[in-house]
Number of protein chains: 2
Amino acid sequence: MTPNPRPRLVVIGGGFAGLWAVRALAREAVDIVLIDRCNHHQFQPLLYQVATAGLSAPAIAAPLRHILRRQRNVTVLMGEVATIDRAAKVVRLADGSVERYDQLLLATGATHAYFGHDEWAEHAPGLKTLDDAMQIRARLLGAFERAERTDDPAERAACLTFAIVGAGPTGVELAGTLAEIARHTLRSEFRRIDPTQARVLLIEAGPRVLPAFEPYLSERAREQLVQLGVDVRLGAPVERIDSEGVVIGGQRIAARTVLWAAGVAASPLGAGLGVPLDRAGRVPVAPDLSVPGAPEIFVAGDLAAVIQDGQPVPGTAPAAKQMGRHVAANLRALWRGQATRPFRFQDVGALATIGRMAAVVRMGPLRLTGLPAWWLWLAAHVYFLIGFRNRLSVLLDWAWAYWTYARSSRIIFGPGGAGSEGR
Amino acid sequence: MTPNPRPRLVVIGGGFAGLWAVRALAREAVDIVLIDRCNHHQFQPLLYQVATAGLSAPAIAAPLRHILRRQRNVTVLMGEVATIDRAAKVVRLADGSVERYDQLLLATGATHAYFGHDEWAEHAPGLKTLDDAMQIRARLLGAFERAERTDDPAERAACLTFAIVGAGPTGVELAGTLAEIARHTLRSEFRRIDPTQARVLLIEAGPRVLPAFEPYLSERAREQLVQLGVDVRLGAPVERIDSEGVVIGGQRIAARTVLWAAGVAASPLGAGLGVPLDRAGRVPVAPDLSVPGAPEIFVAGDLAAVIQDGQPVPGTAPAAKQMGRHVAANLRALWRGQATRPFRFQDVGALATIGRMAAVVRMGPLRLTGLPAWWLWLAAHVYFLIGFRNRLSVLLDWAWAYWTYARSSRIIFGPGGAGSEGR
């Protein structure tokens, strides 16, 4: 038997890290197998727009095999990885099929974590996937529906109270957008309730919103949230979440809708590598992003714990793309018998949107808030999304929504939709 | 106590019949409550496009309360009707709330029926709601994914075999579109299978496809299906459907994906009226569309059994809209103390699409097939959909799909998506 001269690379995860690594290897003589649980790559930064009915799911997602249809060295498999067998160098899928690898890239990202309170999960869904977004959409819209239907004032008030736990970018986006929906989108559509009376609470254990920004930008963000009608509670760790609502500072807040944007934990697949993980379950990688003691295995994206200048590299899309491309470069080096290089994160800045015409931006020496920041945020996201989707219709949806406050995707699916629970 | 001078009308069902009745009463001094299980009205004629990933769900649906936001005499409730109490003149919802009525319009339509074989339902989903469309989409796309993953040739062949039961308009649309997806859309996107080898079977118990058209148009439709690559089996009643496929004529066909487009039955709410129903569960209405013996209750749309000139009025969108508007006119007459009038269906013709650039049309003395019929079908549907959605983006999606064969909504959701079953 002659060995296959083309190395075989298995990539698990088609998010920004995995997909960018695969694309960077388009011209290599290598057989790549890309495995993902979903059939699609999603544009994560706009997931909150799907959850809040501003965009349809297909507007921010595309099938991985469609994205990669012209890259003939890639086979895309939709499947669940059961185990990674480092000794045999194979990945086993849940349906029994087996993929052999010479090199492996693990880029399965992160999921939400409830700080040891897994019982909170059913009452407070988090937002990581399109399925999550659909569930949140059904709960948000379903709460207004239930409020319109009920005769009980206490129940009505609970239906019109929305608690968002965690004031990072996702929590801030959800709170700001939800306030906009209640105040504008739904304004004249109900007869028995006044949607503008809805309460939106943003609950944060730490001392400020958007802690990744400088304190004065956090303060500006808080002011913009308050202006949009959000009740921001800082220094308020959540003590309990149940079907009735949340408890903070010993005080119970009756809320039929609680959303979780507080904690993330790395994907459980990292544990399958058999190396020590950090507290959040991430894999502390070597400087070249390989797994210590396993030079044929790389980790990129949110699953990788990278410390740079004493700071962790953030779990953002730009960081994931940079890691993915860097792993591709190191794989090329490996295949050519050259030395791999250490990864260095280039921080291009940070953008966070708060709501209609409100955002904060840190970009090099530049700091923006309010309308200019929002325009920059919009331009950046349209640029990246259009590059990815190549479709004008998303832009049209947005332009339409901007002028009319309408949200084009207010369709409730599935069990969250109908039924007496209304959730 | 003085009686409320404004009559109270409860409408159950926000499809074409219910919504058109409500809209025709916009200027009346009446309190209308419109109850639907879903929060949206859907443009039923294009549901197959959502199921086959050509359009996103929000493209063909809009929230009922958004459609009716300016009609101040309507309250929209999303909820499940549990019972109709004719003696007390109230409608009870599943969550316990109660709506009193002076007049009632029942327009809850039809659902799919399995001719007494309810055990077929889990293996062969039908297409009536957006949730159905999402499930079918996940199965269709999931079957190709599973074929790519498996090493077993028999399993692969079963994954690439699609059986559609019933050659009415929905079955024909699904078969034609599925053939197009296999031959064009997915053509270059797989590495281990050749999607163009997929078999699409259209199975019909009767002697011809599209029996609502003249025999020679049915024959032209069959020819067009064959040209698109569909294996049309006429005079072939289905004997069995299970997880392995279908049995026709004693022959087992291994098919991982079976879709049901054969039978419909009226919504079960008709039985709650306590009047005799026809064999399909429809309500045989009086000539004015009221329920015999209950002049305050009307039935419209697919739930109403109307015989005209010895023929049943078809269960189509134009018929439902005409009935809805007619009930509105008769309600106005009632409220003014005038006599109600008998309903008469105006047959404007019929259109059925078969696939890319293939359709059949019957319109007055006009008969079209092939490309001219397809253009007329497209124009009619764009006209009605745009009137309903008022959005250019659907048109853009279509134009894009036409030139590229791309389908913009190939996103698999939920449990049908991942997992070892791949269905």
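Residues numbered from 1 in each chain as written. Chains lettered and ligands numbered in written order. Predicted model: local features only at pLDDT ≥ 70, side-chain atom pairs only at ≥ 80, totals over all residues.

A. Geometry of the nonpolar core. In this structure, A:I164, A:V165, A:A300, B:I164, B:V165 and B:A300 are the most contacted members of the largest nonpolar core, which totals 270 residues. Once residues lying within four places of it in the same chain are set aside, the contact partners of A:V165 are A:A124, A:I203, A:V238, A:V258, A:L259, A:W260, A:A261 and A:A262. (Core = buried A, V, L, I, M, F, W, Y, C linked by C-beta atoms within 7 Å. Buried ≥ 20, exposed ≤ 12 C-beta atoms within 10 Å, placed from the backbone. Contact = placed C-beta atoms within 7 Å.)

B. Here's a closer look at the environment of A:W20. All names here are of chain A. Positionally, W20 belongs in helix α1 (residues 16–24). When the 22 C-beta atoms within 10 Å are taken as the criterion, W20 is described as buried. Here the alpha-carbon distance between W20 and V327, two residues 307 residues apart in the chain, equals 9.5 Å. If we ignore the near neighbours within four places in the chain, the residues touching W20 are K321, G324 and R325. (Helix = DSSP H or I, 4+ residues; strand = E, 2+ residues; numbered from the N terminus.)

C. Inspection of the confidence of the model for chain A at higher detail. Residue and element names in this part refer to chain A. For chain A, the average pLDDT comes to 90, and 92% of its residues sit at 70 or higher. Contacts for the low-pLDDT stretch residues 415–423, under 50 throughout, to residues beyond four places or in other chains number 24 contacts. Scored as a complex, the prediction yields pTM 0.91 and ipTM 0.89. (pLDDT = per-residue confidence, 0-100.)

D. Looking closely at the sheet that holds strand β27 (residues 366–369) of chain B. Residues and elements named next belong to chain B. Here we have three strands laid out as an open sheet, ordered β25-β26-β27, and antiparallel in their pairing. The sheet is open, and its two borders are formed by β25 (350–355) and β27, each paired with just one other strand. The sheet shows a mean angle of 5° between the axes of neighbouring strands, direction not considered. Relative to β27, strand β26 (residues 358–363) runs antiparallel, the two being bridged by four bridges. Across the sheet, R362 pairs through a bridge with R367, a residue of β27. Of the strands in this sheet, β25 and β26 are in contact with helix α6 (residues 169–185), which crosses β25 at around 25°. Across the face of the sheet, helix α7 (residues 215–227) comes into contact with β25, β26 and β27 while running at roughly 165° to β26. (Pairing = 2+ DSSP bridges. Axes fitted to C-alpha atoms, helices over the stretch in contact; angles between N-to-C directions.)

E. Inspection of the packing of α1(A) against helix α8 (residues 317–335) of chain A at higher detail. Residue and element names in this part refer to chain A. Relative orientation of the contacting elements α1 and α8 amounts to 35°, with a least axis distance of 7 Å. Between α1 and α8 lies a crossing of right-handed hand. Between α1, through F16, A17, G18, W20, A21 and A24, and α8, the contact on the second element is made entirely by A317, A320, K321, M323, G324, R325, V327 and A328. Looking at side-chain class alone, the contact of α1 with α8 contains ten nonpolar, two polar and two charged residues. (Left-handed = near helix turned anticlockwise from the far one by under 90°. Nonpolar A, V, L, I, M, F, W, Y, C, P; charged D, E, K, R; others polar.)

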